[in-house]
Amino acid sequence: MTNLRHSGRTVLITGAGGGIGASIARLYCEEGARVALVDFDEQSVSELSQQLSAAGHLVAWAKADVANFDQCSRACAELSEQLGPIDTLINNAGVSPKHQGAPAPIWEMDPLEWDRVVGINLTGSFNLVRALAPGMVERRFGRIVNMSSVAGSAFLPIVAAHYSATKAAIIGFTRHLAGELGPYGITANALAPGRIETPLLKTVSAQANQAVVNETPLGRLGTPLEVAKAACFLTSNDSDFITGQVVDVAGGWLMR
Ligand SMILES: NC(=O)c1ccc[n+]([C@@H]2O[C@H](COP(=O)([O-])OP(=O)(O)OC[C@H]3O[C@@H](n4cnc5c(N)ncnc54)[C@H](O)[C@@H]3O)[C@@H](O)[C@H]2O)c1
Ligand SMILES: CC(C)C1=CC=C(C(=O)O)[C@@H](O)[C@H]1O
């Protein structure tokens with residue numbers, strides 16, 4: 001039976017054209033939400049939008065670089081004009097640069113690469129919250145999920161320092177939001193996926209991915225749908241009293 005627990009809601013998802021983002025978008029559509037898709041890759045996001053519209057869902061999309069506040073602000077204004085006030089935000093866009101399949105060592109990292117990763121993975125989440133929080137505060141309701149990673153709490157040699165630093169910062173940002181916005185009826189939680197089967201996986205060697213599987217109690221990689229289900233739970237009425245939490249979706253890998 002279809003669970004329509006997000007009907008009447010308008011959800012904005014960043015990085016919606018990617019592996020996890022597209023799965024999140026599909027699940028919100030199936031749960032009855034109006035869905036606003038944001039990505040800077042126009043092709044993937046417009047194709048997803050077409051597929052979802054053709055299946056009868058109410059969606060709209062905008063091209064925006066989450067690192068740029070003006071683009072985020074414009075996208076939010078256009079999308080809420082089309083779909084109604086946005087009450088649910090999934091800050092999912094993220095990057096993890098590699099060089100010939102390997103993360104840059106800290107002693108060789110290009111400062112411009114550091115700035116870009118911070119701009120997308122951390123400031124990007126701030127930009128969307130900054131654009132949407134005024135409406136949420138005014139309406140005394142909002143649901144925010146920020147995408148962290150288990151790399152935000154543990155040393156993982158398959159990612160670089162900028163990635164770990166931004167994913168750790170997302171946890172602090174989320175807890176601050178939970179404290180500051182809670183009195184206005186807004187919850188904020190973070191997801192910390194383990195290794196999930198998306199195009200991001202292909203940026204490292206098959207052996208590196210197998211090493212993660214070997215250390216994962218559930219003995220496999222995760223799927224984008226499993227991350228999507230956790231996001232939908234955290235913004236649904238089933239989790240109204242949950243805020244400021246970090247939920248690992250990692251098959252028991254790196255339990256803490
Ligand atoms: N796949 C994993 O194993 C894994 C594990 C932990 C956390 N995560 C996190 O989950 C999120 C999604 O990852 P994914 O695996 O789906 O990656 P992905 O590369 O498949 O998708 C990322 C999407 O974000 C978009 N994007 C990148 N930079 C952007 C920008 N500046 N503005 C707007 N959109 C931008 C890309 O175009 C892409 O569509 C990321 O935050 C990632 O760090 C992924
Ligand atoms: C599993 C998780 C900590 C992870 C591993 C590797 C990545 C990468 O970019 O190669 C990231 O997706 C990351 O979150």
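Since this is a predicted model, take the numbers as computed values, not measurements. (Residues numbered from 1 in each chain as written. Chains lettered and ligands numbered in written order. Predicted model: local features only at pLDDT ≥ 70, side-chain atom pairs only at ≥ 80, totals over all residues. Heavy atoms only, no water.)

K.L.:
Just checking my understanding: could you explain the overall build of the chain for this structure?
P.N.:
A tally of helices and strands in the chain yields 7 helices and 7 strands. Mapped in sequence order, the helices and strands of the chain form the string β-α-β-α-β-α-β-α-β-α-β-α-α-β. A compact globule built from 256 residues would reach a C-alpha radius of gyration of about 18 Å, and the chain, at 17 Å, matches this within 12%. For the chain, the spread of C-alpha atoms along the three principal axes comes to 45 × 40 × 40 Å. (Helix = DSSP H or I, 4+ residues; strand = E, 2+ residues; numbered from the N terminus. Rg over C-alpha atoms; globule rule 2.2 N^0.38 Å.)

K.L.:
Honestly, the site of ligand 1 in this entry has me stumped. Any pointers?
P.N.:
Close contacts around ligand 1 come from 30 residues, with Asp39, Asp65, Asn92, Tyr163 and Thr198 the closest. Separating an oxygen atom of ligand 1 from a backbone N or O atom of isoleucine 20 is a distance of 2.8 Å. Take tyrosine 163: an N or O atom from its side chain is 2.6 Å from an oxygen atom of ligand 1. With the chains in place, 92% of the 830 Å² that ligand 1 exposes on its own is no longer accessible. A breakdown of the residues in the shell around ligand 1 according to their chemical character gives 14 nonpolar, 10 polar and 6 charged. (Near = heavy atom within 4 Å. Polar contact = N/O pair within 3.5 Å; in protein donor to acceptor, adjacent residues only side chain to side chain. Areas by Shrake-Rupley, 256 points an atom, 1.4 Å probe, with all protein chains shown as cover. Nonpolar A, V, L, I, M, F, W, Y, C, P; charged D, E, K, R; others polar.)

K.L.:
I tried to follow helix α1 (residues 19–30) on my own but got confused; where do I start?
P.N.:
Note: α-helices contain 3.6 residues per turn, so residues at a spacing of three or four share the same orientation. Compared with an ideal rise of 1.5 Å per residue, which puts 12 residues at 16 Å, α1 spans 17 Å between its outermost C-alpha atoms and is within 8% of the ideal. In terms of burial, α1 is largely enclosed, as 9 of its 12 residues are buried. Burial in α1 covers these residues: Ile20, Gly21, Ala22, Ser23, Ile24, Ala25, Leu27, Tyr28 and Cys29. Of the residues flanking the end of α1, it is glycine 32, one or two places downstream, whose phi is positive at about 95°. (Expected span 1.5 Å × (residues − 1). Buried < 20%, exposed > 50% of the residue type's maximum accessible area, 1.4 Å probe, protein only.)

K.L.:
In this structure, what is going on with the state of the cysteines? I would like to understand it.
P.N.:
What is meant by a disulfide is a covalent connection between two cysteines, made through their sulfur atoms. Taken as a whole and assessed by the stated rule, the structure comprises 0 disulfides. Of the cysteine sulfurs around cysteine 76, a residue in no disulfide, the closest is that of cysteine 72, at 6.5 Å. For cysteine 76, a relative accessible area of 5% translates into the label buried. There is no disulfide at cysteine 232, and the cysteine sulfur nearest it, in cysteine 29, is 9.8 Å away. (Disulfide = S-S within 2.5 Å.)

K.L.:
Help me out: how do you make sense of the packing of α1 against helix α7 (residues 224–235) in this one?
P.N.:
A packed helix pair is summarised by two numbers, namely the angle formed by the two axes and the spacing between the axes. Running from N to C, α1 and α7 cross one another at 50°; their axes reach a closest spacing of 8 Å. Between α1 and α7, the angle falls in the class oblique. Pair α1 / α7 crosses with right-handed handedness. Only Pro224, Leu225, Val227, Ala228, Lys229, Ala231, Cys232 and Thr235 of α7 make contact with α1, whose side of the interface consists of Gly19, Ile20, Ser23, Ile24, Leu27 and Tyr28. Taken together, the residues that form the contact of α1 with α7 break down as 10 nonpolar, 3 polar and 1 charged. (Axes fitted to C-alpha atoms, helices over the stretch in contact; angles between N-to-C directions. Parallel < 35°, antiparallel > 145°, perpendicular 65-115°, else oblique. Left-handed = near helix turned anticlockwise from the far one by under 90°. Contact = heavy atoms within 4.5 Å.)

K.L.:
Help me out: how do you make sense of the site of ligand 2 in this one?
P.N.:
For ligand 2, the set of nearby residues contains 15 residues, the closest of which are Ser96, Lys98, Ser149, Tyr163 and Arg195. Measuring from an oxygen atom of ligand 2, one finds a side-chain N or O atom of serine 149 at 2.9 Å. A per-class count over the shell around ligand 2 returns 9 nonpolar, 4 polar and 2 charged.

K.L.:
Just checking my understanding: could you explain the side chain of serine 46 for this structure?
P.N.:
Positionally, serine 46 belongs in helix α2 (residues 42–54). At 3.2 Å, the side chain of serine 46 and the backbone oxygen of glutamine 43 are in polar contact.

K.L.:
How do you make sense of the pattern of salt bridges when you look at a structure like this?
P.N.:
Once their charged atoms are close, side chains differing in charge can pair, the charge on each being opposite to the other. For the structure shown, the criterion picks out 6 salt bridges. Here aspartate 65 makes a salt bridge to arginine 116, at a shortest N to O gap of 3.1 Å. On the criterion of sequence distance, the pair formed by aspartate 65 in the loop between β3 (59–63) and α3 (69–83) and arginine 116 in helix α4 (residues 111–139) is long-range, its members being 51 residues apart. Judged by relative accessible area, which is 36%, arginine 116 ranks as partly exposed. The network of salt bridges with shared partners includes Arg5, Glu31 and Asp238. (Salt bridge = Lys/Arg side-chain N within 4 Å of Asp/Glu carboxyl O.)

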